[in-house]
Amino acid sequence: MRYLYLPRVSSTNTYLKSNYQKLDNWTILRADYQEKGRGRLNHVWKSHKGENLLCSILIKDEYAFKEHESLCLLVGVSVYRLLKDLGIKNVKIKLPNDVYVNNKKICGILIETIFIGSKLKALVIGIGLNLNQKSFPKTLKATSTYLVNKKIVNIDKTQKDLVKIIQEELKKVSKDYYKKLLKQYKSIIYSSTL
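These lines cover the structure that appears in this document, whether it is placed above or below. (Residues numbered from 1 in each chain as written. Predicted model: local features only at pLDDT ≥ 70, side-chain atom pairs only at ≥ 80, totals over all residues. Heavy atoms only, no water.)

**Some remarks on the overall build of the chain**
Part 1: A tally of regular secondary structure across the chain gives 6 helices and 8 strands.
Part 2: Along its sequence from the N terminus, the chain presents helices and strands in the succession β-α-β-β-α-α-β-β-β-β-α-α-α-β.
Part 3: For the chain, buried positions account for 50% of its 194 residues.
Part 4: Taking contacts inside the chain between residues at least 6 apart in sequence as the whole, the part at least 24 apart equals 66%.
Part 5: When the accessible surface of the chain is totalled, it reaches about 10,300 Å², and 49% of it is carbon and sulfur. (Helix = DSSP H or I, 4+ residues; strand = E, 2+ residues; numbered from the N terminus. Buried < 20%, exposed > 50% of the residue type's maximum accessible area, 1.4 Å probe, protein only. Contact = heavy atoms within 4.5 Å. Areas by Shrake-Rupley, 256 points an atom, 1.4 Å probe, with all protein chains shown as cover.)

Printed below as a string of structure tokens:
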């Protein structure tokens, strides 16, 4: 596992996708600021500089490829577990790629695949998790861990804790893992827009 840090980047996902051939499996890139942060369906992801967790994980493990379609839920569950560890309540997972607290978005997940021909070569898991941001535009229905519990968290430690949880969840991957997650976490999953 290798952790990289860049103060500024166009997008952590874009960087890993562009450089995946020369980067090791389980390279994790964190940035303080993304110039062109993005979410699913080309939505823009904006964040105050240095206040939130903006990171992407490069995975080249074959076992992860088998369940890559269920990875958004797996990462959502991992974020849920992390937030519970931070003492955050009322956490909900909104399929396919968001996590909400008190009906406000706290995390976005963007998973992208890298194919050569028809062969899957790598996955990039992008995570934007609002941690220490104290305000958001009124037009955004967003929140952060700070706004929920008034505590500043260490971004590096939070990143490492989240990566550890994701690895724990990935070790459980099996043929029916997605169904098991849906069943286990059904009480906190929204399948429609909040």
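**Topic: the packing of helix 3 (residues 71–85) against helix 5 (residues 155–170)**
Part 1: Two elements in contact, helix 3 and helix 5, have axes whose closest approach is 9 Å; the angle formed by their N-to-C orientations is 130 degrees. One element, helix 3, and the other, helix 5, form an angle in the oblique class. As for the relative orientation of helix 3 and helix 5, their crossing is right-handed in sense. Residue-level contacts link Leu71, Leu74, Val75, Val77, Ser78, Val79, Arg81, Leu82 and Asp85 of helix 3 to Thr158, Asp161, Leu162, Ile165, Ile166, Glu168, Glu169 and Leu170 of helix 5.
Part 2: Considering only residue class, the contact of helix 3 with helix 5 consists of 10 nonpolar, 2 polar and 5 charged. (Axes fitted to C-alpha atoms, helices over the stretch in contact; angles between N-to-C directions. Parallel < 35°, antiparallel > 145°, perpendicular 65-115°, else oblique. Left-handed = near helix turned anticlockwise from the far one by under 90°. Nonpolar A, V, L, I, M, F, W, Y, C, P; charged D, E, K, R; others polar.)

**Details of the packing of helix 3 against helix 6 (residues 177–184)**
Part 1: Packing of helix 3 against helix 6 leaves a shortest axis separation of 10 Å and a crossing angle of 40 degrees. One way to sum up the angle between helix 3 and helix 6 is to call them oblique. For helix 3 against helix 6, the interelement crossing comes out left-handed. For the pair helix 3 and helix 6, contact is made by Leu73, Leu74 and Val77 and by Tyr177, Tyr178, Leu181 and Leu182, respectively.
Part 2: Along the lines of polarity and charge, the residues of the contact of helix 3 with helix 6 split into 7 nonpolar, no polar and no charged.

**Notes on the packing of aromatic side chains**
For any pair of aromatic rings, the description consists of the separation of the ring centres together with the inter-plane angle of the planes.
Part 1: Taken as a whole and judged by the stated rule, the model has 1 aromatic pair.
Part 2: Over the face of the ring belonging to tyrosine 146 we find lysine 134, whose NZ or CZ atom lies 4.9 Å from the ring centre.
Part 3: Across the ring face of tyrosine 3, the terminal group of lysine 160 is positioned such that the distance to the ring centre comes to 5.3 Å. (Phe/Tyr/Trp six-rings, centres within 6.5 Å; stacked < 30°, edge-to-face > 60°. Lys NZ or Arg CZ within 6 Å of the ring centre and 35° of its normal.)

**Here's the deal with the pattern of salt bridges**
Part 1: Within this structure, the stated rule accounts for 10 salt bridges.
Part 2: We note a salt bridge from lysine 17 to glutamate 112, for which the minimum N-O separation is 3.4 Å. Separated by 95 residues along the polypeptide, lysine 17 in helix 1 (residues 12–19) and glutamate 112 in strand 6 (residues 104–116) bring together distant segments of the chain.
Part 3: For glutamate 112, a relative accessible area of 14% corresponds to the buried category.
Part 4: For the salt bridge of arginine 81 with glutamate 169, the shortest nitrogen-to-oxygen distance reads 2.8 Å. Of this pair, arginine 81 sits in helix 3 while glutamate 169 sits in helix 5; the two residues are 88 residues apart in sequence, bridging distant segments of the chain.
Part 5: Residue classification places arginine 81 among the partly exposed positions, given a relative accessible area of 24%.
Part 6: Exposure remark for glutamate 169: the relative accessible area of 2% places this residue in the buried category.
Part 7: Linked through salt bridges whose partners overlap, the residues forming this network are Arg81, Glu168, Glu169 and Lys172. (Salt bridge = Lys/Arg side-chain N within 4 Å of Asp/Glu carboxyl O.)

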